[in-house]
Amino acid sequence: MSSGDAPRSAQRRFQPGGSAVPSVTSTGIPIEVRRSAKRRRTVNAAFRDGKAIISIPGHFTTAQEAEWVSRMVMRLEQRTAPSRLPEPRDRAGELAERAAELSRRYLGGAARPVSVRWVSNQNSRWGSATPARGTIRLSDKLQGMPGWVVDYVLLHELAHLIEASHSAAFWRLLEAYPQTETAKAYLQGAAFASARGLEGAMQEDQGAEEPGD
């Protein structure tokens, strides 16, 4: 995953007739437009599988497509604005308290980290966990991102204290968190936007670490 530069302006692809349809959101998340002959009037938008999926009626003109895609992407980004959830502070005590609350709320209190801390030397992953030691580290590049994104990364690492790999059982632990897919899409967009300033694009951890890693 990655942190980063200022958000990119939405790129656009041009349809016949000159209508410009955005191809990525302002944070670089790819936009996929899905036309449906069964859909007559409604337009729907959601972050899913690392993309902004915009579903429109099949009869829309290219001008209508451009208008509605732009409008719905704006609504998606407004819904996930930073002000929606409080952002954890840069203090270890408050970060530990947040971890305990997330574990209680979404994991039944099963994840009990020994330590949770910010680190400045983690440039290829947003977070990492070592189950054998009960430790969690979050990249300080997350600071300044929306609170619900930081919470997702923290919850992701808490889940690794229970299930080390990215198995089906691991992802089931995150199903209760309502912002999982949205946060994953946000982080993928942030990585896309800032990868040029890093030695490599940041990504989700590759599973929990063993002592000595």
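**As for the environment of isoleucine 162**
Positionally, isoleucine 162 belongs in the loop between helix 3 (147–160) and helix 4 (168–173). Taking the C-alpha atoms as reference points, isoleucine 162 and alanine 110, 52 residues apart in sequence, are found 7.3 Å from one another.

**Observations regarding the pattern of salt bridges**
Under the criterion given, the structure shown has eight salt bridges. Residues arginine 34 and glutamate 32 are paired through a salt bridge, measuring 2.8 Å at the closest nitrogen-oxygen approach. Among the residues examined, arginine 34 registers a relative accessible area of 38% and is labelled partly exposed. For arginine 104, the salt bridge is made with glutamate 101, and the minimal N-O distance between the two is 2.7 Å. Here glutamate 101 and arginine 104 lie together in helix 2 (residues 92–107), a separation of three residues that amounts to about one turn. Given a relative accessible area of 52%, arginine 104 falls into the exposed group. Residues participating in the shared-partner salt-bridge network are Glu32, Arg34 and Lys51.

**Structural notes on the sheet that holds strand 7 (residues 127–130)**
Where strands meet in a sheet, backbone hydrogen bonds hold them as pairs that are either parallel or antiparallel. With mixed pairing, the three strands of this open sheet are ordered in space as 6-8-7. Two strands bound the open sheet, and with one partner strand each, they are strand 6 (115–119) and strand 7. Across the sheet, the mean angle from the axis of one strand to that of its neighbour is 15 degrees, orientation sign disregarded. Alignment of strand 7 against strand 8 (residues 135–139), held across four bridges, turns out to be antiparallel. Residue serine 128 lies in a different strand from strand 8, and its bridge partner there is arginine 137. Its contacts with the sheet put helix 3 on strand 6, strand 7 and strand 8, and the angle it makes with strand 8 is roughly 155 degrees.

**Structural notes on the environment of glutamine 122**
On the secondary structure map, glutamine 122 appears in the loop between strand 6 and strand 7. We classify glutamine 122 as buried; its relative accessible area is 9%. In this structure the C-alpha to C-alpha distance between glutamine 122 and arginine 137, which are 15 residues apart in sequence, comes to 8.5 Å. Within the local environment of glutamine 122, its side chain forms a polar contact with the side chain of serine 128, the two groups lying 2.7 Å apart. Within the local environment of glutamine 122, its side chain forms a polar contact with the backbone oxygen of arginine 137, the two atoms lying 3.4 Å apart.

**Focus on the sheet that holds strand 4 (residues 44–48)**
Here we have three strands laid out as an open sheet, ordered 3-5-4, and mixed in their pairing. Two strands in the sheet have a free side with no partner beyond their single neighbour: strand 3 (31–36) and strand 4. On average, each strand axis in the sheet is inclined to that of its neighbour by 25 degrees, with strand direction left out of account. In this sheet, strand 5 (residues 51–57) lies alongside strand 4 in antiparallel orientation, the contact comprising five bridges. Residue pairing for strand 5: arginine 48 is matched across the bridge by lysine 51.

Conventions we followed
- Residues numbered from 1 in each chain as written.
- Predicted model: local features only at pLDDT ≥ 70, side-chain atom pairs only at ≥ 80, totals over all residues.
- Heavy atoms only, no water.
- Helix = DSSP H or I, 4+ residues; strand = E, 2+ residues; numbered from the N terminus.
- Salt bridge = Lys/Arg side-chain N within 4 Å of Asp/Glu carboxyl O.
- Buried < 20%, exposed > 50% of the residue type's maximum accessible area, 1.4 Å probe, protein only.
- Pairing = 2+ DSSP bridges.
- Axes fitted to C-alpha atoms, helices over the stretch in contact; angles between N-to-C directions.
- Contact = heavy atoms within 4.5 Å.
- Polar contact = N/O pair within 3.5 Å; in protein donor to acceptor, adjacent residues only side chain to side chain.

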